[in-house]
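Letter by letter, the chains look like this.
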Amino acid sequence: MDDRFNTIAGWVLFAGIVALGSSIVASEVFHSERPEKMAYPIEGVVQEGEGAAAAEQPIEVYLAKADVAKGQQIFNKCAACHNADKGGANQLGPNLWGVLGEPVGQGKGFAFSDALAKKGGSWDWDSLSQWLSSPKAFAPGTKMTFAGLGNPEDRANVIAFLNSHSDAPKPLPAAPAATANASAAKPGTGPDNGPQKAEKEPTLPASAAGTSPQTTGGDASLQRSKTK
C-alpha cells in the first residue's frame, strides 16, 4: 500500500515539474514586449497634442468669432489674482481695466517683475495671446505662476472680455483675408488652377481612319472597261 502511494505521489510530483518547466519554456519562446501605449492606432486620427501647434491659426481668426460671455466665465478663474473693474484695486496681479494698448509691464502702480517690465511694447491682440498661452515662455523669469491657456479659442474669448472692459473698446479684428481665402479655395479650381484642356488631337489620314479613298484617273477608266 505504501509503495503504491509513493508511486502515485511520485508521478504527480513529476507531472507538476513537467508542467512548470513547460510553462517556463513557453513564456520564453512566446515572450512579447508590453506596448508603450495600450491601444490600437487608428489611421487618419490625430492623437491629442499631435499637430496642435501646426494647426493653430493667428489669434485674429479666433477673435473674429470670440464670445465675451464665455471669456468672462474663463476669467472668473483668474479673479483670485486679478479684477477687470474700472478703478479696481491691484491684487496679487494688476488691475486689468483697459489693458489693451497699455505698455507691457508698466503702470497701474503695480510692482511688475523685471522680466515683464523689460519686455517692451504694448499689449495688443497677439502679445496678449502669447502671454495667456504661456506667461513663462513670453517673459522668462516672470512672477506669474499661471500655466497658461492652451486652447486659442479660450484665449480669444478672454481677450474679447478684457477688451470689453475699457473706456474705449476696440473693434474685434476680422479673420485675415489670406486665411479666409485659403479655407475657401479648393485645389484644381480657379483661373490659374483650372483643369487643363486636352491638346488638339492630330487628324489621321483617311487610310488610317478606316475609310477608302475615292478611285480617280486611270483606275476609273479600267473599271469602265471591265464592265463592258
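Before reading further, recall that the structure is shown in the block above.
Every chain's residues receive numbers from 1 upward, in the order its sequence appears when written. Local features in a predicted model are, by the rule used here, given only for residues with pLDDT of at least 70; side-chain atom pairs are given and counted only at 80 or more, and totals for whole chains, interfaces and linings are based on all residues. For side-chain calculations, the full set of non-hydrogen atoms in the structure is used, while hydrogens and water are omitted.

A.B. asks: Sorry if this is basic, but what is going on with empty space enclosed by the protein here?
C.D. replies: It is a probe the size of a water molecule, rolled over the atoms, that shows where empty space is left. Here a cavity denotes a set of grid points, spaced 1 Å apart and computed over the protein atoms alone, in which a 1.4 Å probe fits but from which it cannot get out, and a pocket denotes an open set meeting protein on both sides within 12 Å along at least five of seven lines; residues with an atom within 4 Å of a point are reported as lining. Grid points are joined across faces, edges and corners, and a volume is the space filled by probe spheres set on the points. Evaluated as defined, the whole model comprises one cavity of 30 Å³ or more. Estimates place the volume of the largest cavity at around 40 Å³. Considering the residues around the largest cavity, the lining is formed by G98, V99, L100, L162, N163, S166, A168, P169 and K170. Polar here means any residue outside two lists: the nonpolar Ala, Val, Leu, Ile, Met, Phe, Trp, Tyr, Cys and Pro, and the charged Asp, Glu, Lys and Arg; Gly therefore counts as polar. Looking at the lining of the largest cavity residue by residue, the classes come out as five nonpolar, three polar and one charged.

A.B. asks: What should I look at first to understand the packing of helix α4 (residues 68–75) against helix α8 (residues 152–164) in this one?
C.D. replies: Helix-helix packing is described using two parameters, namely the angle between the two axes and the distance between the axes. Running from amino to carboxyl end, α4 crosses α8 at an angle of 100°, the nearest separation of the two axes being 7 Å. Considering the angle they form, α4 stands roughly perpendicular to α8. Seen from α4, the contacting residues are V68, K70, G71, Q72, I74 and F75; seen from α8, they are D154, N157, V158, A160, F161, L162 and S164. Tallied by class, the residues present in the contact of α4 with α8 amount to seven nonpolar, four polar and two charged. Here an angle of 0 to 180 degrees is reported between the N-to-C directions of two axes, which are lines fitted to C-alpha atoms, with helices fitted over the stretch in contact. Each helix corresponds to a stretch of at least 4 residues labelled H or I by DSSP, and each strand to a stretch of at least 2 residues labelled E; elements are numbered beginning at the N terminus. Comment on the angle field: the value is read as roughly parallel under 35 degrees, roughly antiparallel over 145, roughly perpendicular from 65 to 115, and oblique elsewhere. The contact criterion used is simple: two residues touch if any of their non-hydrogen atoms lie within 4.5 Å.

A.B. asks: How do you make sense of the nonpolar core when you look at a structure like this?
C.D. replies: For soluble globular proteins, nonpolar side chains are generally found buried alongside one another. Joining through side-chain atoms within 4.5 Å is the link that ties buried Ala, Val, Leu, Ile, Met, Phe, Trp, Tyr and Cys residues into a set, and such a set is a nonpolar core. Exposure categories follow from relative accessible area, calculated using a 1.4 Å probe and restricted to protein chains: below 20% of the type maximum is buried, above 50% is exposed, and the middle band is partly exposed. Core analysis: the largest hydrophobic core is formed by 27 residues, its most contacted members being L116, W123 and L162. Elements supplying a minimum of two residues to this core: α3 (59–63), α4, α6 (125–133) and α8. For this core, the element with the highest residue contribution is α8, accounting for six residues. Not counting chain neighbours up to four residues away, the residues in contact with L162 comprise F75, A84, L96 and V99.

A.B. asks: Would you explain the layout of surface pockets in this entry?
C.D. replies: Taken as a whole, the largest pocket encloses approximately 670 Å³ of empty space. For the largest pocket, the lining is made up of 33 residues, of which H82, G93, P94, W131 and M144 are closest to its centre. Classifying every residue of the lining of the largest pocket by side-chain character gives 21 nonpolar, eight polar and four charged.

A.B. asks: Hey, could you run me through the environment of V61 in this one?
C.D. replies: Mapped onto the fold, V61 is located in helix α3. The spatial distance from the C-alpha of V61 to the C-alpha of P173 is 8.1 Å, given a sequence separation of 112 residues.

A.B. asks: Even after reading the chapter, I still don't get a nonpolar patch on the surface, so can you show me in this structure?
C.D. replies: Patches in this entry comprise residues that are over 30% relatively accessible and not in a salt bridge; like charges within 9 Å are linked, as are nonpolar side chains (Val, Leu, Ile, Met, Phe, Trp, Tyr) within 5 Å. Where accessible areas are quoted, they stem from the Shrake-Rupley method and a 1.4 Å probe; at the residue level, only the protein chains shown are allowed to cover. Take a side-chain nitrogen of Lys or Arg and a carboxyl oxygen of Asp or Glu: if they are within 4 Å of each other, that pair is a salt bridge. A surface patch of nonpolar side chains, amounting to about 350 Å² of accessible area, comprises W11, F14 and V18. Tracing the backbone shows W11 in helix α1 (residues 2–29).

A.B. asks: Just checking my understanding: could you explain the environment of A79 for this structure?
C.D. replies: Locating A79 in the fold gives a position in the loop between α4 and α5 (114–117). The partly exposed category is assigned to A79, whose relative accessible area is 40%. Along the sequence, A79 and Q91 sit 12 residues apart, while their C-alpha atoms lie 9.3 Å from each other.

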